[in-house]
Amino acid sequence: MRTSYKNLLVAAATVTISFGAVAQTKWNMATPYPQAEFHTVNITQFVNDVDKLSGGQLKITVHPAQSLFKHPEIPRAVRTGQVEMGETIMSNLANQNPIFQVDSIPFLVTNYADAKKLWQGQRPFVEAYLKDQGMRFIYAVPWPGQGFFTKKEIKTMSDMSGVKFRTYNSTTEKMATMMKAVPTTVEAVEIPQAFSAGIVDAMVTSAATGARTEAWTFSTYYYDTQAWMPKNMIYVNEAAFKRLSPKAQQAILEAGKAAEARGWKMSEEVFTKTTDTIKAKMQYRAPSPALTKELAKIGDLMSADWAKAVGPNAQKILAPLR
Ligand code: PCA
């Protein structure tokens, strides 16, 4: 996006127009995923709720599919106040702080009940880190469990050796390297093009994103490993938040609480529905015991590295799960 347009948006956002007694504030929100993903559907409902609960005081325009900022740029854009609100997959921030990585380690959690427990342990640290950065955490929602979409059959890990493999951030890249695959980071919105251009021949993602991208048009097998459940988080620039009326602030917090509860339910529903679609359209496979065992080994190594990087807080984060 051109800088001049960005500046214009920022200027527009700070304009508060008065309609009689009620002041109206306009905000922008940058998100990485397209409208068709359930996370974005949930965000749309969230901003509608904010509008209603604030009595029309706060209007948030959602810019999906990286249309305002590229996914990796969103946290900085929110931190510096270029945009008031954003969405990011948490493990993208693993390079800044390892607390964000824990939901992307293979086989730490493989179902919604455990994902919730892990989130309970992780949440205070996520909130504190964002606060420290001049941001405020609003809510988080998990993706369905991650699996592998491939063109060829994968019986053991050695079948992944040298495969051009789509990953989505440094954590997934690390795992792919440990699998001896050749990782390339491709944003979710660019998946079909990456396959058709021959940049990748396999990918890691959820049934949700597999179905949304019609993975059957560019791959054959789906290995349902349920390897981890990464979360997206929604957060705001704290200074912008403080400038809002108490009523608008309250609206964001309340709508956020509702969006978190609704989003977890949506995720579980989408998981069932899209897994059924994939079963109907693709060669659906449970991973072989050998593949599961080899992945678990990678998970153990990543867990150990993670715990070392986090230090004593690792035990606190994992406590609800244990
Ligand atoms: N979909 C997103 C993140 C994880 C997921 O299931 C993606 O593939 O980029």
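Residues numbered from 1 in each chain as written. Predicted model: local features only at pLDDT ≥ 70, side-chain atom pairs only at ≥ 80, totals over all residues. Heavy atoms only, no water.

**Student:** How would you summarise the pattern of salt bridges if you had to cite specific residues and measurements?
**Tutor:** Taken as a whole and assessed by the stated rule, the structure comprises 12 salt bridges. Where D103 meets K231, a salt bridge forms, and the shortest distance between an N and an O atom there is 3.1 Å. Note that D103 is positioned in the loop between β4 (85–89) and α4 (112–132) and K231 in strand β11 (residues 231–237), a separation of 128 residues in sequence. Judged by its relative accessible area of 1%, D103 is buried. You can call K231 buried: its relative accessible area is 2%. E260 serves as the salt-bridge partner of R123, at 3.0 Å between the closest nitrogen and oxygen. In this pair, R123 sits in helix α4 while E260 sits in helix α9 (residues 246–281), placing the two residues 137 residues apart along the sequence. Judged by its relative accessible area of 12%, E260 falls in the buried class. (Salt bridge = Lys/Arg side-chain N within 4 Å of Asp/Glu carboxyl O. Helix = DSSP H or I, 4+ residues; strand = E, 2+ residues; numbered from the N terminus. Buried < 20%, exposed > 50% of the residue type's maximum accessible area, 1.4 Å probe, protein only.)

**Student:** Give a description of the sheet that holds strand β8 (residues 182–185) that names residues and reports values.
**Tutor:** With mixed pairing, six strands are arranged side by side in an open sheet as β8-β7-β9-β6-β10-β12. Each edge of the open sheet carries a strand with a single partner, namely β8 and β12 (283–285). Averaged over all adjacent pairs, the angle separating strand axes in this sheet is 25 degrees, with direction ignored. Of the strand pairs in this sheet, strand β6 (residues 146–150) and strand β9 (residues 202–206) are connected by five bridges, and their pairing is antiparallel. Counted as the bridge partner of T150 is A202 from β9. Those strands touched by helix α5 (residues 170–178) are β6, β7 (164–167), β8 and β9, and its axis lies near 155 degrees from that of β7. (Pairing = 2+ DSSP bridges. Axes fitted to C-alpha atoms, helices over the stretch in contact; angles between N-to-C directions. Contact = heavy atoms within 4.5 Å.)

**Student:** I'd like a rundown of the site of the ligand, residues and numbers included.
**Tutor:** Looking at the ligand, the residues that line it are Y33, I89, W143, Q146, R166, Y168, A188, T205, S206 and T209. Residue Q146 places a side-chain N or O atom 3.0 Å away from an oxygen atom belonging to the ligand. In this structure, S206 approaches the ligand through a side-chain N or O atom, which is 2.6 Å from an oxygen atom. For the ligand, the protein covers 99% of the area, taking 260 Å² as the surface of the free molecule. (Near = heavy atom within 4 Å. Polar contact = N/O pair within 3.5 Å; in protein donor to acceptor, adjacent residues only side chain to side chain. Areas by Shrake-Rupley, 256 points an atom, 1.4 Å probe, with all protein chains shown as cover.)

**Student:** Explain the pairing of β8 residue by residue, including any values.
**Tutor:** Relative to β8, β7 runs parallel, the two being bridged by four bridges. The residue of β8 that forms the bridge with T167 is T185. Read from β7 through α5 to β8, the crossover connection turns out right-handed. (Right-handed = clockwise from strand over helix to strand, strands pointing away.)

**Student:** Which residues make up the environment of T225, and what are the values?
**Tutor:** Topologically, T225 is positioned in the loop between β10 (221–223) and β11. Classification of T225 by relative accessible area gives buried; the value is 6%. Each C-alpha atom, one on T225 and one on V163, is 18 Å from the other, the two residues being 62 residues apart in sequence. Not counting residues up to four positions away in its chain, the partners in contact with T225 are F107, Q146, G147, F148, P287 and L295.

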